[in-house]
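# Summary of the model geometry
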Amino acid sequence: MKILTHLREMRRQSWPVRLIWLMLGFEFGLALFERQWPLAGVAFLTFALTLVPIYASSRIQIRLPTSLMVAMTAFIFATIFLGEAFDFYNRFWWWDIALHGSSALGFGLVGFLFVFMMFEGDSYAAPRWAMALIAFSFAVSIGAIWEIFEFGMDQIFGTNMQKSGLTDTMGDLIVDVIGASLGALAGWAYLFGRGPGFTRDMFNDFISKNRRRFKKFRLRRKT
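To start, this report covers the structure provided alongside it. Per chain, residue numbering runs from 1 following the sequence as it is written. Only residues with pLDDT of at least 70 are given local features in this predicted model, and only at 80 or more are side-chain atom pairs given and counted; all residues enter the totals for whole chains, interfaces and linings. Water and hydrogen atoms were dropped before computing side-chain values, which therefore reflect all heavy atoms in the structure.

### Looking at the nonpolar core
Judged by nonpolar contacts, the single largest core of 21 residues is most densely connected at Phe112, Phe116, Phe203, Ile207 and Phe214. Where helices and strands are cited, they refer to DSSP runs of H or I of at least four residues and of E of at least two residues respectively, numbered from the N terminus. Here the element with the most residues in this core is helix H7 (residues 95-118); it accounts for six residues. Ignoring sequence-local partners within four residues, the contact set of Phe203 consists of Leu109, Phe112, Leu113, Ala186, Gly187 and Tyr190. Formed by 18 residues, the second largest nonpolar core is a distinct cluster that contains Ile80, Leu82, Phe88 and Leu99. As used in this record, nonpolar core signifies buried Ala, Val, Leu, Ile, Met, Phe, Trp, Tyr and Cys residues forming a set joined through side-chain atoms within 4.5 Å. Using a 1.4 Å probe on the protein chains alone, a residue whose accessible area is under 20% of its type maximum counts as buried, one over 50% counts as exposed, and one in between counts as partly exposed. Here, two residues are considered to be in contact whenever any of their heavy atoms come within 4.5 Å of each other.

### Some details on the packing of H7 against helix H10 (residues 197-209)
What counts as an axis is a line fitted to C-alpha atoms, over the stretch in contact for a helix, and the angles between N-to-C directions run from 0 to 180 degrees. H10 packs onto H7 with a crossing angle of 40 degrees between their chain directions and a minimal axis gap of 11 Å. On the basis of their axis angle, the class for H7 and H10 is oblique. Considering only the axes of H7 and H10, their crossing is right-handed. Residues Leu109, Phe112, Leu113, Phe116 and Met117 of H7 form the contact with H10, whose own contacting residues are Thr199, Met202, Phe203, Phe206 and Ile207. Each residue is assigned to one of three groups, with Ala, Val, Leu, Ile, Met, Phe, Trp, Tyr, Cys and Pro labelled nonpolar, Asp, Glu, Lys and Arg labelled charged, and all others, Gly among them, labelled polar. Grouping the amino acids of the contact of H7 with H10 by side-chain chemistry returns nine nonpolar, one polar and no charged. Between 65 and 115 degrees an angle is taken as roughly perpendicular, under 35 as roughly parallel, over 145 as roughly antiparallel, and anywhere else as oblique. Each crossing gets its handedness from the near helix: less than a right angle anticlockwise from the far helix is left-handed, clockwise is right-handed.

### Section: unusual backbone geometry
Most peptide bonds are trans, and most residues other than glycine sit at a negative phi. The phi torsion at Arg35 lies on the positive side, around 60 degrees, for a residue other than glycine. In this structure, Arg35 sits in the loop between helix H2 (15-33) and helix H3 (37-50). On the basis of relative accessibility, which here comes to 65%, the residue Arg35 falls in the exposed class. The backbone phi angle of Asp87 is positive, close to 60 degrees, even though this residue is not glycine.

### Some details on H7
In this model H7 runs 34 Å from its N-terminal to its C-terminal C-alpha over 24 residues, within 8% of the 34 Å that 1.5 Å per residue would give. Looking one or two residues beyond H7, the residue adopting positive phi is Glu120, at roughly 55 degrees. Any helix carries an expected span of 1.5 Å times its number of residues minus one.

### A closer look at the packing of aromatic side chains
Here the aromatic set is Phe, Tyr and Trp, taking the six-membered ring for Trp, and pairing holds for ring centres within 6.5 Å; pairs whose planes are under 30 degrees apart are stacked, those over 60 apart are edge-to-face, and all others are tilted. On inspection of all chains with the given rule, the structure shows 19 aromatic pairs. Each ring, one from Phe77 and one from Phe81, has its centre 5.6 Å from the other, and the planes form 20 degrees; the classification is stacked. Taken together, the residues span about one helical turn, with Phe77 and Phe81 both in helix H5 (residues 66-85) at a distance of four residues. With a relative accessible area of 9%, Phe77 lands in the buried category. With a centroid separation of 6.3 Å and 70 degrees between ring planes, the pair formed by Phe107 and Phe138 is classed as edge-to-face. Here the residue Phe107 occupies a position in helix H7, and Phe138 occupies one in helix H8 (residues 128-157), the gap between them amounting to 31 residues. Joined through ring pairs, the aromatic side chains of Phe112, Phe114, Phe116, Tyr190, Phe203, Phe206 and Phe214 make up one cluster. To sit over a ring, a charge needs its Lys NZ or Arg CZ within 6 Å of the ring centre and within 35 degrees of the ring normal. For the cation-ring pair, Arg128 lies above Phe192, with the distance from its terminal atom to the ring centre recorded as 4.4 Å.

Next up, the structure:
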């Protein structure tokens, strides 16, 4: 029954997500045909990771906005498949920096939403700075786990995600801290009815799709 539920969730995904899955399926089949086992492994792993948000959201019974699902899928695809299979990390010097910065910002925003959800949208249940700090810590923790993942990919599949080793890892963590700070700051500003328009729209969209988890909060309307 759970498998059927997950399959239905996959069918509901937007066309950008389905397009990425189609490309990964094609590359996986081609790699198997040409006996390029590492490439096939990377393609399969990328696809599997894009399913994690769907499984996790279904497991904890929340609905993800379409924009957030597309962003997460595109990030996984750009990081693992384009970065490694098509060597974007070496072809574009800014690729790794852009991905780490954007992911840290995204995890800062997501971290804030989940912390806020724990308090059912009650902005008086905990200090605003405390919720922002927890969101920041969540995003930085994800960045650290990702560095461990890169190390594992290099060791298991022979990729070169770490590039220059310690220097690359520390540079990535610094970018993660900056991005996480911006994401947490956006959440803090949202509680005051401020912040960039696109973050307010994303927060409002997520909250409106999961109203039962934000019973004590009134949505910020566009001004």
